[in-house]
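Next come the chains, spelled out residue by residue.
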Amino acid sequence: MEEKNYKIYDSLYNVIGVAPYEEVHTKGLLHQVHFWLAEKKENQLWFYLQKRADNDIVYKGAYDILTSGHIDPEETHEEAMLHQIKEQLGVSLQKEQLTYIGHIHQQIKKGTYFDNAFVQSYLYVTDHAEKDFAGADNVVKVKFEELVAFVGDLDKKVAVYTTEGKLIEETTHDQWWLRDEEFEKVVEPYIKEHLHNY
C-alpha cells in the first residue's frame, strides 16, 4: 500500500509541500490539526477526551485530546478536521458545527519521535455528547473547571468520568498527554470569553 503524504509548512506557516508520516515525525516537520469537544449539560461544562491505546507510539495509555490528525494534500484545515472526527470517532459533523478557536506552535520530542505541530484548534460544543459516544470505552470526560485547575498545578489531581458520568479514577499529571500550552493559551481563554455563562 502506498504511504500517505501530509501537508507540511515552513516557519512562517506557508505550505511548502508534503511528506510521509515517518519523515514528518522524525525530522519534526510542521503539520497537524486538533479537535476539542465540550458538552453543556445541567449547568456543567464537560470536556470529552480519549484514553490512548496501550500500544500507541508515544504516551501509551495516557489521557489526551479527543482527536488530532494530519492534513492530506488536497484538504483544507476544516476538511481535515471533519475527516479525522469521522474516521477516529465515527461522528459526522458539518463544517458549520466546528468553531475555529486559534492556533499555536508546539513541539514534543520523545526518543526518535518529534512532534513539531502547527496546531489549528477547533471546538465543537453540544448538549448530547453523552449520547454520541455511548459505549465508546476509550472516550472519557472531565469537568472544565477542574481541568483548568489541574493544568495549572502539578500537585493537583483531576477526576476522570465515563461518558455516563461514573467516576473512573482520580488522575495525576503523569497519566496525561496534557497539551497544556494549547489548553492555557487557546482553549481556556476562548471558553472563558465565549462560554463564561455556561
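A. Region of the structure containing the overall build of the protein. If you tally the helices and strands in the protein, you get five helices and 11 strands. Taken over C-alpha atoms, the radius of gyration comes to 17 Å for the protein, in line with the 16 Å a tight globule of 198 residues would show. For the protein, the spread of C-alpha atoms along the three principal axes comes to 45 × 35 × 35 Å. Scored against the burial criterion, the 198 residues of the protein give a buried share of 50%. A fraction of 59% describes how many contacts in the protein between residues 6 or more apart in sequence connect residues 24 or more apart. Accessible surface, the protein: about 10,300 Å² in total, of which carbon and sulfur atoms supply 46%. Side-chain charges of the protein comprise 21 positive and 36 negative groups, with the mean position of each set lying 3 Å from the other.

B. Quick look at the pattern of salt bridges. Counted under the stated rule, the structure contains eight salt bridges. Between K27 and E23 there is a salt bridge, with its nearest N and O atoms 3.4 Å apart. Of the two residues, K27 and E23 are both situated in helix α1 (residues 21–27); the distance of four residues between them amounts to about one turn of the helix. For E23, a relative accessible area of 29% gives the class partly exposed. Notably, a salt bridge pairs R179 with D64, separated by 2.8 Å at the nearest N-O pair. Placement of the pair is R179 in the loop between β11 (167–171) and α5 (180–194) and D64 in strand β5 (residues 63–65), with a sequence separation of 115 residues. Comparing R179 with D64, the two get one shared label, buried. Taken together, the shared-partner salt bridges in this structure form one network comprising R52, D56, D64 and R179.

The rules we used
Residue positions are counted from 1 within each chain, in the order its sequence is given. In keeping with the predicted nature of the model, local features appear solely for residues at pLDDT of at least 70, side-chain atom pairs appear and are counted solely at 80 or more, and the whole-chain, interface and lining totals rest on all residues. To obtain the side-chain values, all non-hydrogen atoms of the structure were included, while hydrogens and water were left out. Working definition: helices are DSSP H or I runs of at least four residues, strands are E runs of at least two. Numbering for both runs from the N terminus. Only C-alpha atoms enter the radius of gyration; for comparison, a globular chain is expected to reach 2.2 Å times N to the power 0.38, where N is the number of residues. Each residue is assigned to one of three classes by its accessible area relative to the maximum for its type, calculated with a 1.4 Å probe on protein chains only: buried under 20%, partly exposed between the two thresholds, exposed over 50%. When checking whether two residues touch, look at their non-hydrogen atoms; a contact exists if any pair is within 4.5 Å. Computed with a 1.4 Å probe, the accessible areas rest on the Shrake-Rupley method; for each residue, only the protein chains presented here act as cover. Charge assignment in this entry is limited to Lys and Arg as positive and Asp and Glu as negative, and neither His nor the chain termini are counted. To locate a charge, take atom NZ for lysine, CZ for arginine, CG for aspartate or CD for glutamate. By definition, a salt bridge exists where a carboxyl oxygen of Asp or Glu is found within 4 Å of a side-chain nitrogen of Lys or Arg.

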